[in-house]
Every structure is written in structure tokens, then in C-alpha cells.
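Reading the structure
Listed below, chain by chain, are the residues.
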Amino acid sequence: MRRTINDITNEIFKGFLESIERNDGLCPVKGLRYDGMRLPDYTDLMVQQLYLLRYFPAYLVEYFDIYRDILKNKRFKKSFRVLSVGCGCGLDYYALELALQKKGTTCAETVYYTGVDKIEWAYSNDFGNEDFKILLCDFIGIGDVNKIQDKAFDIIIFPKSIGEFSDSDFKSLIKQFKNSTFPKKEIYIISSIRKEYTAIDQDRMANLLICLENEHGYDSNKPKTEYIYYKNSAGLRKDFYDFVYPDEIFYFLNKLDSKCPTQLRNKQFCESDCQQNLNNKRPILKNDHIRYQYFRLKK
Ligand SMILES: C[S@@+](CC[C@H](N)C(=O)[O-])C[C@H]1O[C@@H](n2cnc3c(N)ncnc32)[C@H](O)[C@@H]1O
């Protein structure tokens, strides 16, 4: 994990520095914020880069935690199929690779991974797996969920994405699940939920579970809003010793406002919100962002 974090953050940081130079400013990344139900413009490469510098290592740990737990189930000794809805760059796939490596195998050996995202993200990695695919399309309208790649999925994961569908899209998503075929006797449904909007994300998962129970005969067998989190706030390194965020990048992001080329040149910011909205982009180093739900559904 330490190497993955180091390699990916350094690669993205290099790209981020190039983007700053190309843009001659940091204006686009001011919009990387979630307050007041805002969503960032992920189509902007610079926004993606800062998003990943900020969240990639922490989410990697979280998704690793989830997959490590699920992979304890003996059925995952054989090959299995994963659908990641709103996969971004496939961050959860990186974590799946690490979790499988811990078990002495790899994604290339065992996983059919299909990610779906309506936005093209940089920095995906197939880890040499020819059965890794990211479909660049809106999940709404994709049709029968279990026919996306002809065969049904064993794991369906929403990695920090279930709450980012608009209300009307989420209604359509439920209809889509209702009208899909679910031939597997057992499936896992996972959602990594957003700290700021935990209640919304929990509620959406509950709706999805109700649909799967009522329409497809599954039983989730635990409270539908239950989620896993760390009760005591602590640095991620406490539980994940290999979580090491590169110092140089941390210090750069810690005072991002002072790195804006326009500000450095003019000795002043262009807009009144620059300082505040550049100064809140530090990487996530604590466990408070770890919040997830997973359900083993059987019928
Ligand atoms: C917060 S990002 C999470 C990205 C990635 N899973 C991660 O863990 O970093 C939410 C993602 O959901 C995607 N998304 C939202 N609505 C979507 C839709 N209707 N169809 C496909 N992807 C969607 C967005 O494009 C975005 O990439």
C-alpha cells in the first residue's frame, strides 16, 4: 500500500504542477467542494488531480478495508465479477488489487471488473488484467444491470457515488434495478458513504435494498441503514501502518493558496474567495472519512 500511495500521488502531483503552469492559476480547483450540496466539475483534469491528491490515499485505505473483509468469503477464491457504479478512475480497483495481493493473488488472475462512469477520469490502471473495463457512459439508461457484460455480478459497489446521482436519476436507477434480472443466489452490495451527507447516502442504500428485497427476493438480514465507521477519530496510520502520505505533497497542499502563480505575480488574489477556497484542500489523513455499508444478500 505504501508504494501504491507513493507512486500514484507522485505521478498525479507531477501532472498537477504541469496543470498549474498551463492554467497559469488555480482558479478551477476552487470548485472542488461539497458544501451546500455542491458537486465539483470532475470533467476538469485539474479538479480530478486535486481530488485524487486529496482523497486517493484515504479512500484507498477505506476500499481496501471493505474488500479485505469481503474476500474472507470462500467463494472469492474462484474468479468473480465486480460492478463499480460511478467508479471514477477505478480507485476501488486499486484497493481490490491490494486486498487480493495480501491473499497471494491478483485481479488479473481472479477479477472481471466493470466500472461505469459518465466522466472520463485520468489515472486508471488495469494491473495487466484484460478483464478490466471502464465504460464511459451514464449509468442511467444502461439497461439490465446484470447484462452489462453479459454475465451477472457478484459484487456491486458504489464508491462514494450513491449520493452523487441527482434525485431524479436515483429514482431512475431504482427502476433500472427493479427491471434488471438478478439470477445470483448471493450478491454483495456495497456503498462507501460521504461523511458530510451520511443520512442521504444511507437512505439511498436503504431504498436500493428494499427494491432488491421486494423485486428480486433477496434478504439483507441486517438494518438497512447500518454502517461501519471508526468511533474514535485518529490518524489513518494508527490502523493502517502502511498509510504514508508523501511530505512534499502534503506541505504543498497545506498552503495551496500561496502557490497560485497569479497571486505570486500580482501579490494579490483575483477574487475575495481565493484564499479561503484554496486553503481547505489538505489531504485526508484521518479515519473520520471511513464510512461504509455492505450487505451480503441471499435468496
Ligand atoms: C465522488 S466521485 C467518486 C469517484 C470514485 N468512485 C472514487 O472513489 O473516487 C462520484 C462519481 O460518480 C459519477 N457519477 C455520478 N452520476 C453518475 C451517473 N449517472 N452515471 C455514471 N456515473 C455517475 C461521477 O461522474 C463521479 O465520477
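Above this text is the structure in question.
Report follows, based on the coordinates. (Residues numbered from 1 in each chain as written. Predicted model: local features only at pLDDT ≥ 70, side-chain atom pairs only at ≥ 80, totals over all residues.)

**Side note on the overall build of the protein**
To be explicit about the condition: Labels follow the DSSP assignment, with helices taken as runs of H or I lasting at least four residues and strands as runs of E lasting at least two, numbered in each case from the N terminus. Only C-alpha atoms enter the radius of gyration, while the globule expectation follows 2.2 Å times N to the 0.38, with N the number of residues. With C-beta atoms placed from the backbone, the exposure class of a residue follows from how many other C-beta atoms lie within 10 Å of its own: 20 or more, buried; 12 or fewer, exposed; in between, partly exposed. Any two residues are considered in contact once their C-beta atoms, placed from the backbone, lie within 7 Å.
What the protein contains, in helices and strands, is ten helices and seven strands. For 299 residues, the compact-globule formula gives about 19 Å, and the C-alpha radius of gyration of the protein, at 20 Å, lands near that figure. Once the C-alpha set of the protein is aligned to its principal axes, its extents read approximately 65 × 45 × 40 Å. Counting every position in the protein, which comprises 299 residues, the buried fraction comes to 37%. Residue pairs at least 24 apart in sequence account for 75% of intrachain contacts in the protein once pairs closer than 6 positions are excluded.

**Observations regarding the sheet that holds strand S1 (residues 80–85)**
Our working rule: DSSP calls a pair of strands paired once it identifies at least 2 bridges connecting them.
What the seven strands build is an open sheet, ordered S3-S2-S1-S4-S5-S7-S6; its pairing is mixed. In this open sheet, the two strands that pair with only one neighbour each are strand S3 (132–136) and strand S6 (228–229). Alignment of strand S5 (residues 186–192) against strand S7 (residues 291–298), held across seven bridges, turns out to be antiparallel. Opposite Ile 189, over in S7, you have Phe 295 as the bridge partner.

**Some thoughts on helix H6 (residues 198–216)**
Since the α-helix advances by 3.6 residues per turn, residues separated by three or four positions end up pointing in the same direction. Cut-off, in case you're wondering: For a helix, the expected span equals 1.5 Å multiplied by the residue count minus one. Directions are taken from the helix axis to each C-beta atom, and the arc is the one they span.
Between its terminal C-alpha atoms H6 stretches 26 Å, which fits the 27 Å expected from 19 residues at 1.5 Å a residue. Residues Asp 201, Gln 202, Arg 204, Met 205, Leu 208, Leu 209 and Leu 212 constitute the buried set of H6. Buried residues in H6, looked at end-on, bunch into an arc of 160°, giving them a common side. In H6, the exposed positions angled more than 90 degrees off the buried face are occupied by Ala 199 and Asn 214. One or two steps after H6, the chain reaches Gly 217, where phi turns positive at roughly 75°.

**Some details on the environment of Gly 143**
Position of Gly 143 among the secondary structure elements: in the loop between S3 and strand S4 (155–159). For the pair formed by Gly 143 and Ala 95, sequence separation is 48 residues and the distance between their alpha carbons is 28 Å.

**Side note on the pairing of S4**
By the criterion of burial, S4 is predominantly enclosed, with five of the five residues buried. Side chains of S4 alternate between two faces, with Ile 155, Ile 157 and Pro 159 and Ile 156 and Phe 158 buried alike. Bridge count for S4 against S5 is five bridges, and the pairing is parallel. By the bridge assignment for S5, Ile 156 is matched with Ile 189.

**Concerning the site of the ligand**
How we decide: The criterion for a residue being near a molecule or strand is a backbone-placed C-beta atom within 6 Å of that molecule or strand. Each residue gets one label: Ala, Val, Leu, Ile, Met, Phe, Trp, Tyr, Cys and Pro are nonpolar, Asp, Glu, Lys and Arg are charged, and the others, such as Gly, are polar.
Near the ligand lie 19 residues; those nearest to it are Gly 86, Gly 88, Phe 139, Pro 159 and Ser 161. Here the shell around the ligand is composed, by residue class, of ten nonpolar, three polar and six charged.

**Remarks on helix H2 (residues 45–70)**
The condition that has to hold: To get the bend at any residue, fit one axis to the seven residues that end at it and another to the seven that begin at it, then take the angle between the two axes.
With 26 residues, H2 extends just 33 Å between its outermost C-alpha atoms, more than 12% less than the 38 Å of an ideal straight helix rising 1.5 Å per residue. At Tyr 55, H2 shows its largest bend, some 50°, and a proline, Pro 57, comes one to four positions later. The element H2 is extensively covered by neighbouring structure, given that 19 of its 26 residues are classed as buried.

**A look at the nonpolar core**
Applicable threshold: Here, a nonpolar core means buried Ala, Val, Leu, Ile, Met, Phe, Trp, Tyr and Cys residues linked by C-beta atoms lying within 7 Å of one another.
Judged by nonpolar contacts, the single largest core of 79 residues is most densely connected at Leu 60, Phe 64, Ala 95, Leu 96, Ile 189 and Ile 190. By residue number, the principal contributor to this core is H2, which donates 14 residues. For Leu 60, the contacting residues outside a window of four places in its chain are Met 1, Thr 4, Ile 5, Leu 91, Tyr 94 and Ala 95.

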